[in-house]
Amino acid sequence: MINKLIKEIVKKNAPIVVGLDPQLGFVPQQILEKWYAEKLYSLEAVGEAIFEYNKGIIDATYDLIPAVKPQVAMYEQFGIPGVIAFKKTVDYAREKGLIIIGDIKRGDIGSTSEAYALGHIGNVKIGDNVFNPFNEDIVTVNPYLGSDGVMPFVNVCKENDKGIFVLVKTSNPSSGEFQDRLIDGKPLYEIVADKVNEWGESTIDNEYGYSDVGAVVGATYPEMGVRLRELMPKAYILVPGYGAQGGSGKDLKGFFNKDGLGAIVNSSRGIIAAYKNEKYAKFGAEGYADASRAAVEDMLSDIRENV
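A brief look at the structure comes next. Small disclaimer: the values here were computed from a predicted structure and weren't measured.

### A word on the packing of helix α3 (residues 43–61) against helix α12 (residues 288–306)
Taken N-terminus to C-terminus, the directions of α3 and α12 make an angle of 45 degrees; their axes are 8 Å apart at the nearest point. Considering the angle they form, α3 stands oblique to α12. Once α3 is placed against α12, the crossing between them reads as right-handed. Here Glu52, Tyr53, Gly56, Ile57, Ala60 and Thr61 of α3 come into contact with α12, specifically with Tyr288, Ala289, Ser292, Arg293 and Val296. A class-by-class count of the residues in the contact of α3 with α12 yields six nonpolar, three polar and two charged.

### Overview of the nonpolar core
Among the nonpolar cores identified, the biggest contains 83 residues, and Ile164, Val168, Val196, Met232 and Leu252 are the most heavily contacted of them. Contact partners of Ile164, with chain neighbours within four places excluded, come to Ile121, Ile138, Val139, Val141, Val150, Phe153, Val154, Cys157, Asp212, Val213 and Gly214. One finds Met1, Ile6, Ala67 and Leu167 within the second-largest nonpolar core, a separate group that totals 18 residues.

### Concerning a nonpolar patch on the surface
The grouping of Ile109, Tyr144 and Leu145 at the surface amounts to a nonpolar patch, some 350 Å² of accessible area in total. Within the element layout of this structure, Ile109 appears in the loop between β3 (99–106) and α6 (110–121).

Definitions and limits used
- Residues numbered from 1 in each chain as written.
- Predicted model: local features only at pLDDT ≥ 70, side-chain atom pairs only at ≥ 80, totals over all residues.
- Heavy atoms only, no water.
- Axes fitted to C-alpha atoms, helices over the stretch in contact; angles between N-to-C directions.
- Helix = DSSP H or I, 4+ residues; strand = E, 2+ residues; numbered from the N terminus.
- Parallel < 35°, antiparallel > 145°, perpendicular 65-115°, else oblique.
- Left-handed = near helix turned anticlockwise from the far one by under 90°.
- Contact = heavy atoms within 4.5 Å.
- Nonpolar A, V, L, I, M, F, W, Y, C, P; charged D, E, K, R; others polar.
- Core = buried A, V, L, I, M, F, W, Y, C linked by side-chain atoms within 4.5 Å.
- Buried < 20%, exposed > 50% of the residue type's maximum accessible area, 1.4 Å probe, protein only.
- Patch = residues over 30% accessible without salt bridge, like charges linked within 9 Å, V, L, I, M, F, W, Y side chains within 5 Å.
- Areas by Shrake-Rupley, 256 points an atom, 1.4 Å probe, with all protein chains shown as cover.
- Salt bridge = Lys/Arg side-chain N within 4 Å of Asp/Glu carboxyl O.

This is how it looks when you write it as structure tokens:
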């Protein structure tokens, strides 16, 4: 699956992913009011509004980008209607030819991890029928429970040509409370990086030489990104933290390999809520999707100039 992602990145010259992380405050008022009028102030109304909002952003940007990354918690907070909006978003993005990175950050004991993996990137059989419940292409995985929690995902990846991004060094300010702790003189995130290499060894494809087991490394820690790039030469890196969290194009070069590949950079609210940014205010709420497209174009220019 990482090969498919790379091909889309190369085709569009766009090592970026748009994070579809909707919050009610991001959804333009005209969309909310439309659905409140039809379904009152309900979870169902919010679910429909979120999907319409996402659809507009996808329609405005799909020709520029290789992938989208919906964050499942932003949908789950609205219960079943929110989960339905998540699934509809995944399906619509697929119709537009995009790779879907499900930001689910799952990881549990073996049987539970297997269930998560089957539901999100695998399949389940009911009678003679086989279903792909959520049908993302790649998902994010929390490695805190060790190999027991990660290998079920790796096995499902092999069976279904899918991929994972394992949390290694995350972009949030408090990540260092655990991830930077020294163990036998070595930061924990480097130990996790070594495990990423081990978990991905059997999934490396010869075409580009990358594994289907990638890593999450935040743009907010560029020096650590350089070190982790060295430690994981065959792992693709998902880089959150660009834009609203402080990362910029000049911080990103070290995340990429000399072949110009090796990383894909995420921006969420900097794109999906661009119309609220003074720089794109001219588009207004009615033109929120056009503002998102302009933000993607600016992000691409920044990365292409600096990477």
